[in-house]
Amino acid sequence: MGIFIVYWLIVVVLFVIGIIQIIIKAAKNQPVKPGLQLVIASIIMVVIGAGACAVILSNLNIRN
């Protein structure tokens, strides 16, 4: 279960760093491609992670 928490923390860190890079480089009129790549990678990781969580939760048998 701990690996899921680490995974989601990595996703959040990548997204935040990407947004910060985009803002800073846009203010300095530099290319924002590296920041966009980080944001896109984090969005892809969100989709993959959410799909994995859905599969895991759909296989749980929660019955009383």
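Starting afresh in each chain, residues are numbered from 1 along the sequence in its written order. Owing to the predicted nature of the model, reporting of local features is limited to residues with pLDDT of at least 70; listing and counting of side-chain atom pairs is limited to 80 or more, with chain, interface and lining totals taken over all residues. Hydrogens and waters are ignored; side-chain quantities use all the structure's heavy atoms.

A word on the side chain of Ser 42. Secondary structure elements follow DSSP: runs of H or I no shorter than four residues count as helices, runs of E no shorter than two count as strands, and numbering proceeds from the N terminus. Tracing the backbone shows Ser 42 in helix 2 (residues 33–58). Under the relative-accessibility criterion, Ser 42 is labelled buried at 1%. Once residues within four sequence positions are removed from consideration, Ser 42 is found in contact with Val 11, Leu 14 and Phe 15. Three exposure classes are used, based on accessible area relative to the maximum for each residue type with a 1.4 Å probe and protein chains only: buried under 20%, partly exposed in between, and exposed over 50%. For this analysis, residues touch if any pair of their heavy atoms sits within 4.5 Å.

Before going further, it helps to examine the UniProt feature "transmembrane region" (unreviewed entry) in the protein chain. UniProt positions are given in the numbering used here, feature names are shortened, and annotations may be inferred rather than shown by experiment. Residues annotated by UniProt as "transmembrane region" (unreviewed entry) correspond here to residues 6–24 and 36–57. Taken end to end, residues 6–24 is 100% helix and 0% strand, and its first and last C-alpha atoms sit 27 Å apart. As annotated, residues 36–57 has a helix share of 100% and a strand share of 0%, and its two end C-alpha atoms lie 31 Å apart.

Let us look at the packing of helix 1 (residues 2–27) against helix 2. A fitted line through C-alpha atoms serves as each axis, taken over the contacting stretch for helices, and the angle formed by two N-to-C directions is quoted from 0 to 180°. Interaxial distance between helix 1 and helix 2 falls to 8 Å at its minimum, and their mutual angle equals 155 degrees. One way to sum up the angle between helix 1 and helix 2 is to call them roughly antiparallel. Crossing of helix 1 against helix 2: the hand is left-handed. Classifying every residue of the contact of helix 1 with helix 2 by side-chain character gives 20 nonpolar, five polar and one charged. Oblique is the label for every angle not falling under 35 degrees (roughly parallel), over 145 degrees (roughly antiparallel), or within 65 to 115 degrees (roughly perpendicular). Crossing handedness is read from the near helix: turned anticlockwise from the far helix by less than a right angle, it gives a left-handed crossing, and turned clockwise, a right-handed one. Three classes are used: nonpolar for Ala, Val, Leu, Ile, Met, Phe, Trp, Tyr, Cys and Pro, charged for Asp, Glu, Lys and Arg, and polar for all others, with Gly counted as polar.

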